[in-house]
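Fold and geometry: a report
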Amino acid sequence: MKITIIGTGYVGLPTGVGLAEFGNDVTCLDIDEKKIEKLKKGELTIYEAGLEELFTKNIQNKKLTFSTSFKECIPDSDLVILAVGTPPHPITKEADMRYIKQASEELAKHLAGYTVVAIKSTVPVNTGDAVENIIKKVNPTADVDVVSLPEFLREGFAVEDFFNPDRIIVGANTTRARELIGNLYTPFKDKCTILYVSRQSSETIKYASNAFLAMKIQYINEMADFCETSGANIYEVAKGMGLDSRIGAKFLVPGPGYGGFCFPKDTCAMAYMGKFNGVDLSLIEATIKGNEKRKINMAKRILDMVSDVKNPTVAVLGSAFKGGTDDCRESPALQIIEIMLAHDVNIKLYDPEALENTKAILGDMVTYCSSAYEAIGGADVLAVLTDWNEFKSLELEKIKILMKRPQIADFRNNFDYNLAKSLGFEIKTLGIK
Ligand code: NAD
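Nothing here was measured: the structure is a model prediction, and the numbers come from that model. (Residues numbered from 1 in each chain as written. Predicted model: local features only at pLDDT ≥ 70, side-chain atom pairs only at ≥ 80, totals over all residues. Heavy atoms only, no water.)

**Examining the overall build of the chain**
Short version of the rule: To qualify as a helix, a DSSP run of H or I must reach at least 4 residues; to qualify as a strand, a run of E must reach at least 2; elements of each kind are numbered from the N terminus. Here the radius of gyration uses the C-alpha set of atoms, whereas the globule reference equals 2.2 Å times the residue count to the power 0.38. A 1.4 Å probe rolled over the protein chains alone gives each residue an accessible area, and that area as a share of the maximum for its type sets the label: buried under 20%, exposed over 50%, partly exposed in between.
A tally of helices and strands in the chain yields 17 helices and 14 strands. Relative to the compact-globule value of 22 Å for 433 residues, the chain shows a C-alpha radius of gyration of 23 Å, a close match. Projecting the C-alpha coordinates of the chain onto the three principal axes gives extents of approximately 75 × 50 × 40 Å. Counting the 433 residues in the chain, one finds 54% classified as buried.

In structure tokens:
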């Protein structure tokens, strides 16, 4: 199948690589010329575990190409996948549809022969209708079906999730579009459920799922706060809860708040849609508020540890919104750092993959370090804000020698709490009194 993917970011690129690996002829198209130039040279533009090998292999096999030209790619495509961003509107927080509109208008001009346009971007309900209308307006004779094909990959596990999806949701209104998407996902036929629903249901499934997961995170964070006052241990509590198959063990890990490009914007977009439709979505609204408070609370806990220090230095481990990715968008770590900077705390920062993206946001406001131990040297507090595996192997004995004061704010349950205590650290962790 000839496929063009419009938008070559955290979703478009791994999807393109995965579909090329299945033998399709895939072109990843983007308006960002620098990005495409880099990709054409065989250089990756994002960090994702396991991506590089398949990326290189499929370029060499000529199954994966890159372009900035709609004119060159669209006419020959059987399938066009929209994977452009849908960021939050700066004021209303609804999903900003400008990239979807621009891309739809542009692709419509070049459609030739029967084409399925699949929307993989996370979009408000009825966007399928809107895209169909744009296409029909620009190109009234276009033979096209618009499909909703939401993406559920987790950043950091994008490749793993592409090849092992829990389910594939297809919102299609015609038989021929269902057939084409069915053919595309033949390799998954015996692996997972492919659920065919209406476009509106498919669009809603994506938001409803993300809002639910965000709520689950906020819930376990609230339970962690409760454990800190009650004497219970959140890890024991979460394990006990997770053994109930109705609850499930995943997403029951306390942390400094959810972040990334999906949960913050998707919860806000869902809340906006609720207001727009006159529906009370108070659980989602409480989740959004709770998550905002959480990050302020985390920063306060670190600030309390240096309240008696003049010109304090905090070593921060991790700026990506979670381990396994270089993505810093809406990272709780960055928001916590910003609060500390506003309180005149010096920050020494290390992240295994996200320093370049962090520099683009924080500039020279913090000191960037090339290793965790370099960041820790001379610090009054060590704050673990991202759950990178690399941090697990740090040695507490060595850390104690390097630090000015043996204090740890471990918001990712990185260290052995009892060992840290026995070595004389003051350690604040989540969900343990
Ligand atoms: P991204 O910002 O990493 O990538 C979007 C790309 O689209 C950019 O490279 C941009 O240059 C390009 N683009 C914008 N307008 C364009 C146009 N008119 N023509 C061609 N290219 C254009 O975004 P992302 O993280 O890949 O997310 C894409 C969509 O997928 C969003 O709707 C997001 O909510 C959804 N999603 C993201 C994830 C995730 O984990 N990141 C997971 C599931 C769904």
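**So, the pairing of strand E12 (residues 381-384)**
The condition that has to hold: At least two bridges found by DSSP between two strands are what make those strands a pair.
Going residue by residue along E12, you find Val381 and Ala383 tucked away on one face and Leu382 and Val384 tucked away on the opposite face as well. Bridge analysis of strand E9 (residues 313-317) against E12 gives four bridges, and the strand direction is parallel. Looking across to E12, one finds that Ala315 is bridged to Leu382.

**Some details on the domain arrangement of the chain**
Where we set the bar: An automatic or database domain assignment supplies the residue ranges for each domain. A contact between two residues is defined here by any heavy atoms of the two lying within 4.5 Å. A simple way to read buried area is as the amount of 1.4 Å-probe accessible surface that goes missing from two parts once joined, with both sides added. Throughout this description, the term salt bridge denotes a Lys or Arg side-chain nitrogen within 4 Å of a carboxyl oxygen of Asp or Glu.
Taken domain by domain, the chain holds domain 1 (2-197) and domain 2 (262-428). Summarising the inter-unit geometry, the C-alpha centres of domain 1 and domain 2 are found 33 Å apart. Facing 16 residues of domain 1, the contacting portion of domain 2 comprises 16 residues. Surface buried jointly by domain 1 and domain 2 totals about 1300 Å² across both partners, of which 56% is contributed by carbon and sulfur atoms. Interface area lost by domain 1 to domain 2 is led by Tyr10, Tyr47 and Glu155, which between them contribute 43%. Our count for the domain 1 to domain 2 interface comes out at one salt bridge.

**A short note on the packing of aromatic side chains**
Quick note on the threshold: For this analysis, a ring pair means two rings from Phe, Tyr or Trp (six-membered ring only for Trp) whose centres lie within 6.5 Å, classed as stacked if their planes differ by under 30 degrees, edge-to-face if by over 60, and tilted for the remaining angles.
Evaluation of the coordinates by the stated rule reveals twelve aromatic pairs. Centre to centre, the rings of Tyr272 and Phe276 are 6.2 Å apart; their planes meet at 20°, and the pair counts as stacked. In this pair, Tyr272 and Phe276 both sit in helix H11 (residues 263-276), four residues apart, roughly one turn of the helix. The exposure class assigned to Tyr272 is partly exposed, which follows from its relative accessible area of 26%. Each member of the aromatic cluster is reached from another via a ring pair, and the members are Phe22, Phe162, Phe163, Tyr185 and Phe188.

**Quick notes on the site of the ligand**
Cut-off, in case you're wondering: Proximity is defined per residue: any heavy atom of the residue falling within 4 Å of a molecule or strand makes that residue near it. Pairs of N or O atoms are called polar contacts if they sit within 3.5 Å, as long as, within protein, a hydrogen donor faces a hydrogen acceptor (for residues adjacent in sequence, only side-chain-to-side-chain pairs). Calculation of accessible area relied on Shrake-Rupley with a 1.4 Å probe; when residues are assessed, cover is drawn exclusively from the protein chains displayed. The classification used treats Ala, Val, Leu, Ile, Met, Phe, Trp, Tyr, Cys and Pro as nonpolar, Asp, Glu, Lys and Arg as charged, and all other residues, Gly among them, as polar.
Taken together, 27 residues surround the ligand, and among them Asp30, Lys35, Thr86, Glu155 and Lys265 come closest. A distance of 2.6 Å separates an oxygen atom of the ligand from a polar side-chain atom of Thr86. Here the ligand loses 91% of its free accessible area of 830 Å² to cover by the protein chains. Looking at the shell around the ligand, its residues break down into twelve nonpolar, seven polar and eight charged. Counting the residues that make up the shell around the ligand, at least three belong to each of domain 1 (2-197) and domain 2 (262-428).

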